[in-house]
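Each chain, written out:
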Number of protein chains: 10
Amino acid sequence: MLFHVRMDVAIPHDLASQERDKLVAAEKARALELQRAGKWPHLWRIVGQYSNISVLEVDSPDELHQILSSLPLFPFMRIEITALTQHPSDLAAQP
Amino acid sequence: MLFHVRMDVAIPHDLASQERDKLVAAEKARALELQRAGKWPHLWRIVGQYSNISVLEVDSPDELHQILSSLPLFPFMRIEITALTQHPSDLAAQP
Amino acid sequence: MLFHVRMDVAIPHDLASQERDKLVAAEKARALELQRAGKWPHLWRIVGQYSNISVLEVDSPDELHQILSSLPLFPFMRIEITALTQHPSDLAAQP
Amino acid sequence: MLFHVRMDVAIPHDLASQERDKLVAAEKARALELQRAGKWPHLWRIVGQYSNISVLEVDSPDELHQILSSLPLFPFMRIEITALTQHPSDLAAQP
Amino acid sequence: MLFHVRMDVAIPHDLASQERDKLVAAEKARALELQRAGKWPHLWRIVGQYSNISVLEVDSPDELHQILSSLPLFPFMRIEITALTQHPSDLAAQP
Amino acid sequence: MLFHVRMDVAIPHDLASQERDKLVAAEKARALELQRAGKWPHLWRIVGQYSNISVLEVDSPDELHQILSSLPLFPFMRIEITALTQHPSDLAAQP
Amino acid sequence: MLFHVRMDVAIPHDLASQERDKLVAAEKARALELQRAGKWPHLWRIVGQYSNISVLEVDSPDELHQILSSLPLFPFMRIEITALTQHPSDLAAQP
Amino acid sequence: MLFHVRMDVAIPHDLASQERDKLVAAEKARALELQRAGKWPHLWRIVGQYSNISVLEVDSPDELHQILSSLPLFPFMRIEITALTQHPSDLAAQP
Amino acid sequence: MLFHVRMDVAIPHDLASQERDKLVAAEKARALELQRAGKWPHLWRIVGQYSNISVLEVDSPDELHQILSSLPLFPFMRIEITALTQHPSDLAAQP
Amino acid sequence: MLFHVRMDVAIPHDLASQERDKLVAAEKARALELQRAGKWPHLWRIVGQYSNISVLEVDSPDELHQILSSLPLFPFMRIEITALTQHPSDLAAQP
């Protein structure tokens, strides 16, 4: 099942730059790992924002929560989730 | 170039049902045509809403406007557009 | 899987009262049917509102959309969906 | 009587991690105690958020306030309360 | 128990003036009746608005819903409810 | 004349607890004094919030401002004011 | 005492133009009358809006409500009221 | 002086199509006239919206209001105005 | 030309009280100076807020920006500007 | 292609003034460079705000993101982007 996820990142400016760099690197490593596992089929940067729009493919809402809440930047992200389903006008849905 | 588009449809309840049916059918035909042309790579229904989340691939913002403003349901849609770019953590962006 | 759903009903005041009554009766029949089927475990009225807060138990987001979009009052409802997961402090989650 | 409660937690990032851990553990202990006492019949985590949706069963609004304002994380929560009543389409309300 | 209630009235301008007058008169009669019964201890008009701020004293949220949903103008009101409790600085709460 | 006032308190978490206690005690003393003087006829706690809903009876908006801006917690409160007048359906307004 | 009032006018487009003209003329006549009576010392049009920003000088909130609710366009206006007091930096407030 | 203006057009769907066409044609003629007169130096369509973003160059706010309120579509537009001034980093502002 | 300006002041609570006092005194001195120069014809305190509503009379938007951005409290204010013009119902506008 | 960009700057008040000055100077240098390169054809200050409204001319959304995210003040700006296209009433669009 697919979930549309928007993540807005806001790292506090007074966080030590070393800790920030470590977090950002860990976030990237985790995002790559999840893409390789097929869990994160779409990941786009929003132009002009420290934000992404993603589509995650998971087995359950529980798995979605596990993935999101374990992201290294989770404490510094505002996350908005939208459940998706096949659109009746989707080419793949035509008989 | 990719644009993220959310379309919320609100057809006035006092529109003649015949006209409504015609519009909805025309909208579907146009959506399929645009998908076949490769202009509308992603089209999802939002669960529980008369709304979709889409990603369109166009040659310019001008083409995006031409496509959206010529949709049969355009007069009855609220449209929200977000420009996308490749995410630095996208698997496809890795060296 | 559980989804939290809030439904706010706004039937246009110029709808014929006969049609309104038919819709409301059909909505109630469908809600009872879905409760009997175990799909709608919680259904509460919000005090002072023509609104309900519900929890639905479904097999997938697809099924949730099928259920909601086939409700007789669907065209006149604003629906807000929140995906739920087990809380780590839930009594049932303790070892 | 039932009240629907949404709690969004935002612990300041500069709180000492020791104090944070103590607060979180105390919050969990109190939540379990209240569930055992039958005061907190439903407690769900919102997917992707440091938030819960709860239903509390209390004898009065006064008791609800006593419970909420004594939660260890109360100073760091945004709380939204909605009074509930039986829905006329609730299966349990049918004659 | 006390509930703070704000009611904003918006009668559609195309409602027949006769029907409007009947509704408004019935609303007033009902409001007076509820005040006499001790259920509606405070009722103020907001300056410059077709709105009131009220405090209702009821035995339960169920009774509050019964009262509000049976008001003649209920279909044309936006209602916002806030549960109240005694303030620790209330003179009446002092030992 | 009556003014409806909502006060939401947000004391910064990094304020020294001693200073906080002093402020809260001073606020309570002042609130009691104003109630005894007949200036603050209604003071309720909002359930689940560090907020109150009040009705103040003053001789002028100037006096209202003097009272509010001299509250010890004024620098840490968001205040929302609504002017009230007698409601035409108020029992006390009937001939 | 002074109140700052913003009025946004939205006359429904399907109101008969004759009725509209009558209302607008009556509104203007009443506004002039109130200015002559010293009750409406400031009346400005907001650039590009069918809205005004006004300052009214009245003896009480009751009088303010009487004035506003008797304006011919009252049923078609959204009104926002802000109570004013002398500013400590006002030249007229200096010793 | 320059003003940034955003205009969102919402013509009611039940307006006779003949009247609509007449209004739209008159609006276009007036927009061209104002551009030729140098009053409307920038006029862009927002992609996917029946909206424009404009910059008007006028002699005064009074003239801006005269221009905007006399546009044929004025009754059906939501207009948002922002006053502009030269930016200190504007190339043209450098010594 | 007249501009309506609302200024909401929010001085960070951790600013040294000495610096705060200096800023507030400088702000007052500047406000008096601008009133004496005829640039700031109206200055009111909003009841219960650390905010003012003002009307400034300037020769251009450029001058308005110069005045506002040079106020000592400018870095700590949220400012909202509305361009004004003469109202057709203004007594002074009658022939 | 043209994008309309609004940038609101909010530098934390506790940033060392030296670092702030360095950032602001670097921002200005970069803005001038981009204007000279023809990438930033319009740059206006919003009156009374630490904000600008800009129009950027870029070859792609990717380039727009590169430009914006490399601005020295990017970490302290809220950025809002609107894609533009030629307006059918633009003088330059007439045959």
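Residues numbered from 1 in each chain as written. Chains lettered and ligands numbered in written order. Predicted model: local features only at pLDDT ≥ 70, side-chain atom pairs only at ≥ 80, totals over all residues. Heavy atoms only, no water.

Draft legend 1. Representation of the pairing of strand β4 (residues 77-86) of chain D in the model. Of all ten residues that make up β4(D), seven are buried, and the element is covered over most of its length. Strand direction decides the pairing type here: strand β2 (residues 42-46) of chain C and β4(D), joined by three bridges, are antiparallel. Counterpart to C:I46 in the pairing with β4(D) is D:L84. When strand β1 (residues 2-9) of chain D meets β4(D), the two strands line up antiparallel, connected through seven bridges. Along β4(D), the bridge assignment pairs D:M7 with D:I79. (Buried < 20%, exposed > 50% of the residue type's maximum accessible area, 1.4 Å probe, protein only. Helix = DSSP H or I, 4+ residues; strand = E, 2+ residues; numbered from the N terminus. Pairing = 2+ DSSP bridges.)

Draft legend 2. Local environment of helix α1 (residues 17-36) of chain A. Residues and elements named next belong to chain A. Relative to the 28 Å expected for 20 residues at 1.5 Å per residue, α1 spans 29 Å between its end C-alpha atoms, a close match to the ideal helical length. For α1, the set of buried residues is L23, E27, A31, L32, L34 and Q35. Viewed end-on, α1 has its buried residues packed into an arc of 165 degrees, placing them on one side of the element. Structural note: α1 exposes Q18, K22 and R36 on the side pointing more than 90 degrees away from its buried face. On its buried face, α1 sits against β2 (42-46), α2 (61-69) and β4 (77-86). Count one or two residues on from α1 and you reach G38, which has phi positive near 80 degrees. (Expected span 1.5 Å × (residues − 1). Arc of directions from axis to C-beta. Contact = heavy atoms within 4.5 Å.)

Draft legend 3. View of the UniProt feature "domain: Muconolactone isomerase" (unreviewed entry) in chain A. The UniProt entry lists residues 1-90 of chain A under the feature "domain: Muconolactone isomerase" (unreviewed entry), expressed in the numbering used here. In residues 1-90 of chain A, helix accounts for 32% and strand for 33%; the two terminal C-alpha atoms are 16 Å from one another. (UniProt positions renumbered as here; feature names shortened; annotations may be inferred.)

Draft legend 4. Seen up close, the sheet that holds strand β4 (residues 77-86) of chain H. Strand order in the closed barrel formed by eight strands is β1(H)-β3(H)-β2(H)-β4(J)-β1(J)-β3(J)-β2(J)-β4(H), and the pairing between neighbours is antiparallel. Shown here is a sheet whose adjacent strand axes are inclined to one another by a mean of 35 degrees, direction ignored. Along the sheet, helix α2 (residues 61-69) of chain I contacts β1 (2-9) and β4 of chain H together with β2 (42-46) of chain J; its crossing angle with β4(H), the most-contacted strand, is approximately 70 degrees. (Axes fitted to C-alpha atoms, helices over the stretch in contact; angles between N-to-C directions.)

Draft legend 5. A look at the relation of the copies chain I and chain G. With an RMSD of 0.0 Å, the fit of chain I onto chain G corresponds to turning through 180 degrees and sliding 0.0 Å along the axis. The operation mapping one copy onto its partner corresponds to a two-fold rotation axis. The position closest to the rotation axis in chain I is occupied by the C-alpha of I:H42, lying 5.3 Å away. Comparing contact sets, 100% of the residues at the interface of chain I also lie at the interface in chain G, consistent with an isologous, same-surface contact. (Least-squares fit on C-alpha atoms with pLDDT ≥ 70 in both.)

Draft legend 6. A look at the relation of the copies chain A and chain B. If you rotate chain A by 180 degrees and push it 0.0 Å along the axis, it lands on chain B with an RMSD of 0.0 Å. Interface overlap between copies: 100% of the residues of chain A at the interface are likewise at the interface in chain B, consistent with a symmetric, same-surface contact.

Draft legend 7. Expanded view of the pairing of strand β3 (residues 51-57) of chain J. Residues and elements named next belong to chain J. Buried residues dominate β3, accounting for six of its seven residues. In this sheet, β3 lies alongside strand β1 (residues 2-9) in antiparallel orientation, the contact comprising seven bridges. In the sheet register, V5 faces β3, and the bridge partner there is S54. Bridging between β2 and β3 involves four bridges; their strand directions are antiparallel. Looking across to β3, one finds that H42 is bridged to V55.

Draft legend 8. A look at the environment of G:N52. Secondary-structure assignment places G:N52 in strand β3 (residues 51-57). Residue classification places G:N52 among the buried residues on the basis of a relative accessible area of 6%. For the pair G:N52 and G:L2, spaced 50 residues apart in the sequence, the C-alpha separation amounts to 16 Å. G:N52 has contacts with G:V5, G:R6, G:M7, G:L43, G:W44, G:R45, G:I46 and I:H87, leaving out every residue within four places of it along the chain. Among the polar contacts listed, one links the side chain of G:N52 to the side chain of G:S54, at a separation of 2.8 Å. (Polar contact = N/O pair within 3.5 Å; in protein donor to acceptor, adjacent residues only side chain to side chain.)

Draft legend 9. Seen up close, the interface of chain A and chain B. Contacts between the two partners involve 27 residues from chain A, matched on the other side by 27 residues from chain B. Counting each side, the surface lost to burial between chain A and chain B is near 2,600 Å², with a carbon and sulfur contribution of 68%. Looking only at chain A, the three residues that lose the most surface to chain B are A:W44, A:R45 and A:H87, adding up to 23% of its buried area. Along the contact surface separating chain A from chain B lie zero salt bridges. Connecting chain A to chain B are twelve residue pairs in polar contact (both at pLDDT 80 or more). Sorting the residues of the side of chain A that touches chain B by element identifies β1 (2-9), α1, β2, β3 (51-57) and β4 of chain A as the ones contributing at least two each. Residues belonging to the side of chain A that touches chain B are distributed by class as follows: 13 nonpolar, ten polar and four charged. (Buried area = accessible area lost by both parts, 1.4 Å probe. Salt bridge = Lys/Arg side-chain N within 4 Å of Asp/Glu carboxyl O. Nonpolar A, V, L, I, M, F, W, Y, C, P; charged D, E, K, R; others polar.)

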